[in-house]
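Given next are the chains, with one letter for each unit.
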Amino acid sequence: MTSSTRSQTAARPGFRRNLMRPDDTEHSDRVTYIELFFDLIFVFALTQLSRYLYENQSPTGAVEGAILVLALWWVWIYTTWVSNWLDPARLPVRGAMIALALVGLVMSTSIYESFGDRGIVFAIAYVTLQLGRTVFMLLAVARHDQKLHANFTRVLIWLAAAGVFWIAGALLPLQFRLPLWLAALGIEYLSANIGFRVPRMARIELDDWGLSGTHLAERSALFVIIAIGETFLVTGTTFVGQESSVAGVLGVLSAFLAAVAMWWLYFDHGERAGAKAIEALSDPGRIARLAYTYVHAVIVAGIVLTSVADKEVLKHPDEAMSLSTAVTVTGGPLLFVVGMLLFRWVVARELLRSHAASIGLLVVAFACSPMLSPLALGGLTTAILMGTAAWETVVRVRAGATDDEAG
C-alpha cells in the first residue's frame, strides 16, 4: 500500500480499531452468545407470524404471510452475514447487535398488524434494521477492508432503494401496501442474486466475500432449531388453552412427532452434508448464497406453516375439511421437504428418492383431504414425514455412515 493510499484510508470515517473476526484462530468461526441473544427476538417474531397466518387463511393472507416470512428471514440472514465478518467480542459490535435486537423487538410487535394499523411501525423498524446494520458495517470496515467496504456500499444503495417502497407502502392507502411491499422484497432478493450490481460500479464477485462457511452453516442450523421450537410454543399454548380431549392429545402427539421428523431430516445428516460441503470449498460464497440464503428460507417457511397447521388441527380436529385447512396442513410439510430436497442437491448434488417420494405422497394427501378430518390429515402428513426420516436413515446406515457423522 502506498503512502497516498494509507492517507486516504486513514481519512475515511469509521472505527480506527479493527472489528473484524480474527483469522485462523479458534474464535474465527465461533457462534457467540450475543448472536444467540439476537436470535431470541425471532422466537417472538415467529409466534406473531404464526398468529397472523392462522388468522388470515386466504389467498391474500397467504401472499401477505409470504412477504412477512421472507422479510423476517432477510433481516436475520443479512445480520448473520455481517456477524460472519465482524467480531461480536468487540464492544462496538456487541452494542450494535443489542441495538439491532431492540429494533427487531419493535418490528416483531407490529407483525400481526403490519397489514393494518401498525404498517408504518413495521416498515420503519424493518428499514432501520436493514440500513442501520449496513451503515455500521461500512464504518467498521472503512479503514480495514476496502473490498468489503466497496461491496457494502452497493448493498446500502439497493437496500435504500427498497426502503423507499417499504415506507411508501406503509404511508399510502392500504390497497397499495401489498404491491409496494412485494416490489420492495423483490428488489432486495433480486439485488443479492445479481451481485448488487450498480451502474458504473463493478459487480460484486462472490469469491470476494471471504465468508466463514462453518459459521454460516451453524448459524442457519440454530435458526432451524428456533423455528422448530416455535412449533412447540404454538402447540403447547393452544393445547393448554382448551379443554382436554382425546382429539387434543392426539393432535399434540402428531405435532410433536412432526417436529421430531423435521429435526431428524435436517440434523441427522442434512446439516452435516451442508457443513462439509461448504468447509471443503475455497470460495464458499456461491453455495452460501444459494443454500443458506435462499433455500433455507423455504425450509423455515415450511416449519412456520407447520406450526400454523398444528394449531388448526388442535382448534378444529373433527370439523369438515376446508380448502384453506387442507393447504395449511399439507403445505407446511411440503415446503419443508422441498426445501430439504433443494438443500441436499445444492450442497452435495444428492437427489434423494426419499424426499421425492415424500413430496409425491404429500400431494396425494392433499388430493384426498376432502375425505379426511383435519386431525386425520395432520396424522397422515406426520406419518409421511416420519417415514421419510426413517427411509433416509436406513439409506445412510446401509451406506456405511456412522452415528458420529450424524447430527
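Residues numbered from 1 in each chain as written. Predicted model: local features only at pLDDT ≥ 70, side-chain atom pairs only at ≥ 80, totals over all residues. Heavy atoms only, no water.

## Observations concerning the overall build of the protein
Summing up its helical and strand segments, the protein has 13 helices and 0 strands in all. Helices (α) and strands (β) of the protein occur, in sequence order from the N terminus, as α-α-α-α-α-α-α-α-α-α-α-α-α. Of the accessible surface of the protein, which amounts to about 17700 Å², a share of 65% is contributed by carbon and sulfur atoms. (Helix = DSSP H or I, 4+ residues; strand = E, 2+ residues; numbered from the N terminus. Areas by Shrake-Rupley, 256 points an atom, 1.4 Å probe, with all protein chains shown as cover.)

## What to know about the packing of helix α2 (residues 33–55) against helix α3 (residues 59–85)
When two helices pack together, their arrangement is given by the angle between the helix axes and by the axis-to-axis distance. At a minimum axis separation of 11 Å, α2 and α3 run at an interaxial angle of 175°. Here α2 lies roughly antiparallel to α3, going by the angle between them. Residues Glu 35, Phe 38, Asp 39, Phe 42, Ala 45, Leu 49, Tyr 52 and Leu 53 of α2 pack against Gly 61, Glu 64, Gly 65, Leu 68, Val 69, Leu 72, Val 75, Trp 76, Thr 79 and Ser 83 of α3. (Axes fitted to C-alpha atoms, helices over the stretch in contact; angles between N-to-C directions. Parallel < 35°, antiparallel > 145°, perpendicular 65-115°, else oblique. Contact = heavy atoms within 4.5 Å.)

## With respect to the pattern of salt bridges
If you walk through the whole model with that rule in mind, you get 7 salt bridges. Among the salt bridges present, the one from Glu 350 reaches Arg 344, with a minimum N-O distance of 2.9 Å. A relative accessible area of 2% places Arg 344 in the buried class. Salt bridges sharing common partners tie together Arg 21, Glu 35, Asp 39 and Arg 219. (Salt bridge = Lys/Arg side-chain N within 4 Å of Asp/Glu carboxyl O. Buried < 20%, exposed > 50% of the residue type's maximum accessible area, 1.4 Å probe, protein only.)

## Concerning the side chain of Arg 133
Note on placement: Arg 133 falls in helix α5 (residues 119–141). Glu 188 is the oppositely charged side chain nearest to the buried, salt-bridge-free Arg 133, at an N-O distance of 7.1 Å. At 2.5 Å, the side chain of Arg 133 forms a polar contact with the side chain of Gln 130. With near-sequence residues (within four places) excluded, Arg 133 lies in contact with Val 75, Tyr 78, Thr 79, Val 82, Leu 100, Thr 128 and Leu 159. (Lys, Arg positive; Asp, Glu negative; His and termini not counted. Polar contact = N/O pair within 3.5 Å; in protein donor to acceptor, adjacent residues only side chain to side chain.)

## Focus: the nonpolar core
Judged by nonpolar contacts, the single largest core of 111 residues is most densely connected at Phe 42, Trp 73, Trp 74, Leu 86, Tyr 126 and Trp 166. Leaving out residues up to four positions away in the same chain, Trp 74 has contacts with Tyr 126, Gln 130, Glu 188, Tyr 189, Ala 192, Thr 293 and Tyr 294. (Core = buried A, V, L, I, M, F, W, Y, C linked by side-chain atoms within 4.5 Å.)

## Details of the packing of helix α11 (residues 323–348) against helix α13 (residues 374–398)
Put simply, α11 and α13 touch, their axes get as near as 8 Å, and they point 15° apart. Between α11 and α13, the angle is such that the two are roughly parallel. Crossing of α11 over α13 shows right-handed handedness. In this structure, α11 contributes Thr 325, Ala 326, Val 329, Thr 330, Pro 333, Val 337 and Arg 344 to the contact, and α13 contributes Pro 374, Leu 377, Gly 378, Thr 381, Leu 385 and Glu 392. Looking at the contact of α11 with α13 residue by residue, the classes come out as 7 nonpolar, 4 polar and 2 charged. (Left-handed = near helix turned anticlockwise from the far one by under 90°. Nonpolar A, V, L, I, M, F, W, Y, C, P; charged D, E, K, R; others polar.)

## Details of the environment of Ile 34
As for its position among the elements, Ile 34 is in helix α2. With 64 residues separating them in the primary sequence, Ile 34 and Ile 98 have C-alpha atoms 7.8 Å apart. Those residues in contact with Ile 34 that sit more than four places away from it in its chain are Pro 88, Arg 94, Met 97 and Ile 98.

## Some thoughts on α3
An ideal rise of 1.5 Å per residue puts 39 Å on 27 residues; α3 measures up with 40 Å between its terminal C-alpha atoms. The buried count for α3 comes to 21 of 27 residues, which makes it a mostly enclosed element. (Expected span 1.5 Å × (residues − 1).)

## A few points about helix α4 (residues 91–109)
Its 19 residues place the ends of α4 27 Å apart at the C-alpha level, agreeing with the 27 Å of an ideal helix rising 1.5 Å per residue. Within α4, burial applies to Val 93, Ala 96, Met 97, Leu 100, Ala 101, Gly 104, Met 107 and Ser 108. For α4, the arc enclosing every buried residue in end-on projection is 145°, short of the 170-degree limit, so these residues lie on one face. Facing away from the buried side of α4 by more than 90 degrees, the exposed set consists of Leu 91 and Leu 102. Residues of α4 that are buried sit in contact with α2, α3 and α5. (Arc of directions from axis to C-beta.)

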